[in-house]
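Chains, contacts and geometry: an overview
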Amino acid sequence: METRITGRVWKYGDDVNTDVIFPGKYTYSISDPKEMAQHALEDLDPSFTEQVRPGDIIVAGKNWGCGSSREQAVTCLKEAGVGAIVARSFARIYFRNCINQALPIVVCDAVDGVESGEEITIDFAEGTVTTPRGVYTFPPPAPEVMEILEAGGLIPYVRKKLGIE
Amino acid sequence: MGHTFAEKVLACKAGLEEVVPGQIVVVHPDKLLTHDNTAAISKKFRQIGVERMADPGISIIVLDHVVPAANETYATNHRIIREFVAEQGVEAFYDIGEGICHQVLPEKGHTWPGALIVGSDSHTTTHGAFGAFAAGIGRTEAAAVMATGEIWLRVPESLRIVIRGRLPERVTPKDLILHIIGDLGADGANYCSVEFAGEAVQEMSIAGRMVLTNMAAEMGAKNGMVEPDEKTRAWLAGRVGHDYEEVHPDPDATYRQVIEYDVSDLVPQVAKPHTVDNVAPVTEVAGTVINQALIGTCTNGRLEDLEAAAGILRGRHIAPGVRLLVLPASREVLLAAVERGIVADLVAAGATLLNPGCGPCLGAHQGCMAPGEVTISTANRNFKGRMGSKEAFIYLASPATVAASALTGMITDPREV
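Residues numbered from 1 in each chain as written. Chains lettered and ligands numbered in written order. Predicted model: local features only at pLDDT ≥ 70, side-chain atom pairs only at ≥ 80, totals over all residues. Heavy atoms only, no water.

**Quick notes on the overall build of chain A**
Scanning chain A for helices and strands turns up seven helices and seven strands. Ordering the α and β elements of chain A from the N terminus gives β-α-α-α-β-α-β-α-β-β-β-β-α-α. A globule of 165 residues ought to have a C-alpha radius of gyration of about 15 Å, and chain A, at 15 Å, matches this closely. Seen through its C-alpha atoms, chain A measures out along the principal axes to roughly 45 × 35 × 25 Å. When contacts within chain A are restricted to residue pairs at least 6 apart in sequence, long-range pairs at least 24 apart make up 64% of them. Carbon and sulfur atoms make up 49% of the accessible area of chain A, which totals about 6,500 Å². The positive charge centre, built from 16 side chains, and the negative charge centre, built from 24, are 3 Å apart in chain A. (Helix = DSSP H or I, 4+ residues; strand = E, 2+ residues; numbered from the N terminus. Rg over C-alpha atoms; globule rule 2.2 N^0.38 Å. Contact = heavy atoms within 4.5 Å. Areas by Shrake-Rupley, 256 points an atom, 1.4 Å probe, with all protein chains shown as cover. Lys, Arg positive; Asp, Glu negative; His and termini not counted. Charge placed at Lys NZ, Arg CZ, Asp CG, Glu CD.)

Rendered as structure tokens:
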């Protein structure tokens, strides 16, 4: 896991649910992550899939990822190139899904300091998000969570734990 | 110092004397629920690289989301699951037609007080109505539970919601939970364990309690629960084939917040498009023209829900131009509704009867909407695009309100029909 990343921001509001991140009608008909990425956020922001670049960062308000447990709502963004998600808060299953797929997430109020298209820098070692209009701090993840992130997600973590190589 | 329900169950399952909110524990779930997403989970399971499940006895697999298969892709998905079930020796497999997982589990004795249940479905919270600790998880971690038999969980803070008074005529648990979600917001219980208590909850049927815990997910809860009582024990008798130890919160437990409601003057509630916390009294939206009405889902597809609808529609006919879809939550519910004449009443009134399952709730089949259309539904989500077109509108309400609206062709207060 990179300790410091800089990326261009896609800014969204509160309570963005998994149905608009990845529509339910595709949940059992699309299994290829690349195809999932083509539908990321299509019911919220059709410009996203056309313009997203590797390393871009999503910055949002509260309760990002509420609704269904569908993990594709994380997979589609990761596959689209999203480098991290920063939100005031996350829905709990979405939060777990990000950890399990090793997509870095940050809980802080950076949404107050940045607009879409601007750049921010996340420093995971220092626990800071630097925006054009202020620096926001966040607590480090729990050690148990850090181990999964550092292993590259839950599958490599479990493989390691079970001694499978 | 006393402990909440969540603290007591998780301490017990983690083999610890006590736990505190924020602590991470590793636990062995009693049951792991997966559904049509088991095909995707089985792929993750194979990526982990183990041959056999750690304990196939905890796995329960129910095909309910798109049943029967709507096309070749879904059919292939189901075939992969049936092959996986046979390969791994999973005995608790329920193929199409048995019902929605959150109804089938308790009916078949897989839910009991004090059980720890995780499921790859956000509405796994439903099982808390029986005094179980039940939480939704993702697909990858469901595969990891299959491989290892364990999972990490963060001990949640707890909210206690105390409901006083008696629900008025044609005002239901659905109206109550919509009112609560409207009040607390879509993240009002985020990461929290929610305990529902008070005389109105004690008065409620098991089906009614399941509506509360089912929709606890819509305010972000990790789990919802109702303390088991005589009703719970009677419902489970003959279904759960082993002893169980009930877990009750201590009277001096510490809660993040204790919230009280009085339902004596509650009126029917409706969640307007496109969020579940966009709630208003039915009177505010009465007159909104509808195209479709849906009675069913893991929230409101139980016998008392169909009975409530039949009570309004018996001997009458739905409005011209309205499509009324009825999906019993399970085979058991369907059979009981047939025996009591409820199915005949509803079909005679113009309803289209669909097989037990999730139906159009997640927008995959059996009643998706065209742009500009309006559905009033007993489901738990009204997000944009959920039931087909992103330019369609979903209103959420009780079975009584949905039936009354189907009757008139517009959103209607069920106390006025």
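**A closer look at the pairing of strand β3 (residues 84-87) of chain A**
All names here are of chain A. Alternating positions in β3 separate into two faces, A84 and V86 on one and I85 and A87 on the other, with burial throughout. Note that strand β2 (residues 57-60) and β3 share four bridges and pair parallel. Residue pairing across strands places V59 opposite V86, the latter belonging to β3. The β-α-β motif built from β2, the intervening helix α4 (residues 72-80) and the parallel element β3 has right-handed crossover chirality. Direction of pairing for β3 relative to strand β4 (residues 105-107): parallel, over a ladder of three bridges. Across the sheet, residue A87 finds its bridge partner in β4, namely V107. (Buried < 20%, exposed > 50% of the residue type's maximum accessible area, 1.4 Å probe, protein only. Pairing = 2+ DSSP bridges. Right-handed = clockwise from strand over helix to strand, strands pointing away.)

**Describing the sheet that holds strand β11 (residues 257-262) of chain B**
Residues and elements named next belong to chain B. As summarised here, the arrangement of the four strands in space is β10-β9-β8-β11, forming an open sheet in which the pairing is parallel. Two strands bound the open sheet, and with one partner strand each, they are β10 (223-226) and β11. When the angles between neighbouring strand axes are averaged without regard to direction, this sheet yields 20 degrees. As paired elements, strand β9 (residues 193-197) and β10 share four bridges and run parallel to each other. Across the sheet, residue V194 finds its bridge partner in β10, namely G224. Against the sheet, helix α1 (residues 5-14) engages β8 (158-164), β9 and β10, with an angle of about 125 degrees to β9. (Axes fitted to C-alpha atoms, helices over the stretch in contact; angles between N-to-C directions.)

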